[in-house]
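Inside the fold
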Amino acid sequence: MWRLKRLIKRNAFALSKEPFAKGQSDRAIEIPWAIAKARGMKEILEIGFARGEEIWIKSLLSLPRKELYGIDLYDRSMWRLPELMGKMKNVRGDILHPPYKESSFDCVLCISTLEHVGMNSHKVRNPYGAPPWPTEPEWFLKHKEDFETVKEIKRILKNGGKLLLTVPFGKLSNYGSHIQYDATRLKQIAASTSLLITDEAYFEYRFDGWYTSSAEKLSDVLFQTCGAPASTGLACLELRKI
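Residues numbered from 1 in each chain as written. Predicted model: local features only at pLDDT ≥ 70, side-chain atom pairs only at ≥ 80, totals over all residues. Heavy atoms only, no water.

Looking at the overall build of the protein chain
Inclusion rule: Counting from the N terminus, the helices are DSSP H or I runs at least four residues long and the strands are E runs at least two residues long. Put simply, the radius of gyration uses C-alpha atoms, and a globule should come to 2.2 Å times the residue count raised to 0.38. Relative accessibility thresholds used throughout: buried, under 20% of the residue-type maximum; exposed, over 50%; partly exposed, between the two (1.4 Å probe, protein chains only). When checking whether two residues touch, look at their non-hydrogen atoms; a contact exists if any pair is within 4.5 Å. Shrake-Rupley sampling with a 1.4 Å probe provides the accessible areas, and residues are treated as covered by the protein chains on show and by no other component.
Scanning the protein chain from terminus to terminus reveals seven helices and 12 strands. The C-alpha atoms of the protein chain give 17 Å as radius of gyration, which agrees with the globular expectation for 242 residues (18 Å, within 12%). C-alpha atoms of the protein chain, sized along the principal axes, occupy 40 × 40 × 40 Å. The 242 residues of the protein chain split such that 52% are buried. Pairs at least 24 residues apart make up 73% of the contacts formed inside the protein chain by residues separated by at least 6 positions. For the protein chain, the exposed area adds up to about 11,900 Å²; of that, 51% sits on carbon and sulfur atoms.

Notes on the pattern of salt bridges
Stated formally: Any Lys or Arg side-chain nitrogen located within 4 Å of an Asp or Glu carboxyl oxygen qualifies as a salt bridge.
Enumeration over the complete set of coordinates arrives at 14 salt bridges. One salt bridge connects aspartate 146 with arginine 185, and the closest N-O pair in it is separated by 2.9 Å. On the criterion of sequence distance, the pair formed by aspartate 146 in helix H6 (residues 145-156) and arginine 185 in helix H7 (residues 183-193) is long-range, its members being 39 residues apart. This pair shows no difference in class: aspartate 146 is buried, exactly as arginine 185 is. Ionic contacts of the salt-bridge type, sharing partners, join the residues Lys37, Lys162, Asp199, Glu238 and Arg240 into one network.

So this is what it looks like as C-alpha cells:
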C-alpha cells in the first residue's frame, strides 16, 4: 500500500517509483497530489465527500487549516464514514447551486467529481465496466453542467484561491455515469471562467502500475483499459482565481 508521507515532500507530490501502485485505482495518485497541493490553505471546501475513503477523509482532517467544509448531494444516512465526516462543516447540497457566499474559500477540492456532475450515475448498472456510449459531438456541446460547476467554484473562491481538480483523462468520451475529459475540454472550461491553470500533471496506468505521462500521450486512451481498475489516464490540475 502506498503511503502519503513517501509521496509528499515539501508540499509537492511525486511518484516514489515507476511503475507505482499496481492494481490500484487513480485514488493512489490523486489523493496524495491533492493533499500536497492543499497544504497551507485555511478555508477548504471538499466537493462530493460522502462516499470518500477513510485515507482521504483522515488526510483532509489532518491538514493544518482554519476550517474544512464539505458539500454533497447525499444525506447523512448515505455517508460512508459518518463519524469522521461529521467532523467537517458539511451541508447537503448541489454544487451547481452552492449555499456559500462569494469569495468564501482559499481552496476548493473537486477530486474525481466533476465528471459525474449532470450525469445519471445512479441509473447506470455497471458504470466502471461499460464501453463508451454512442455519443454525437453535439452531445458534448449541450452538456454544460461541468462548465457551470467550475463557474460556481470560481464565484466562491477568494482572489488568489485555487481549485484542485482531478478527472479521468484521454479521449473525450461519455460513459453514461461520467465523462472522460480531453485537453480541449479542460482548456475550454478554464478559459470560460478565466481561471488560470497554474500547474498540471498527467498519469497513465499500464498493466503493471502508474507512470507519469503527458496530455499528448494520453490523447487516445479509453477508460478502464490496460488493466486499470478505473481511469487509465488521469489529469491533475491546479487552477487559480486571478
